[in-house]
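# Notes for the structure review
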Amino acid sequence: FARANALLEEALMGTRRHPRRGQAVLYLRASRLLHDLLGRSPGTPRAQDALYLLGLSYEGLAELELFELHPMMFEACIRRQPHTPTAALCLERYESALYLQFSGSGGYDLPADMKAHLGELRKLGQ
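Residues numbered from 1 in each chain as written. Predicted model: local features only at pLDDT ≥ 70, side-chain atom pairs only at ≥ 80, totals over all residues. Heavy atoms only, no water.

### Here we look at the overall build of the chain
- Counting its secondary structure elements, the chain contains 6 helices and 2 strands.
- In the chain, the succession of helices and strands from N to C terminus is α-α-α-α-α-β-β-α.
- Across the 126 residues of the chain, 30% fall into the buried class.
- A total of about 8600 Å² of accessible surface is found on the chain, and carbon and sulfur atoms cover 55% of it. (Helix = DSSP H or I, 4+ residues; strand = E, 2+ residues; numbered from the N terminus. Buried < 20%, exposed > 50% of the residue type's maximum accessible area, 1.4 Å probe, protein only. Areas by Shrake-Rupley, 256 points an atom, 1.4 Å probe, with all protein chains shown as cover.)

Put into structure tokens, the structure is as follows:
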């Protein structure tokens, strides 16, 4: 709890020292510690405080639109070990996320740079 609290203090006070993405790492690290604490000891006297700190963590992460994290994880999966069955699964999920991001009422229209990026990942994922 103390470590999570220190990370949050650093994130909240460190706007000059940490760019927004750097602060996000601090919020994510704190949230992991807090989830671990609540998972191990849900009845701890600090549970309410932990939930409050989790609320602060997610409030700090709200601007980052976390729904965009999963494509990055799938891309990292593909690049970590290309040409494996797992890379193929990650490619499938990445491609779905990408098309969902660029879908609209007129269908799918990927920008040229995204088409090129997807082509590069397809070579690694298959």
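### Let's talk about the state of the cysteines
- Tallied over the full model, the rule gives 1 disulfide.
- Each sulfur of the disulfide joining cysteine 77 and cysteine 90 lies 2.1 Å from the other. Here the S-S torsion is close to 80°, and the disulfide linking cysteine 77 with cysteine 90 is therefore right-handed. Placement of cysteine 77 in helix 4 (residues 69-80) and of cysteine 90 in helix 5 (residues 85-101) is noted, with a sequence separation of 13 residues between them. (Disulfide = S-S within 2.5 Å.)

Spatial relationships are all this shows, so hold off on functional conclusions.
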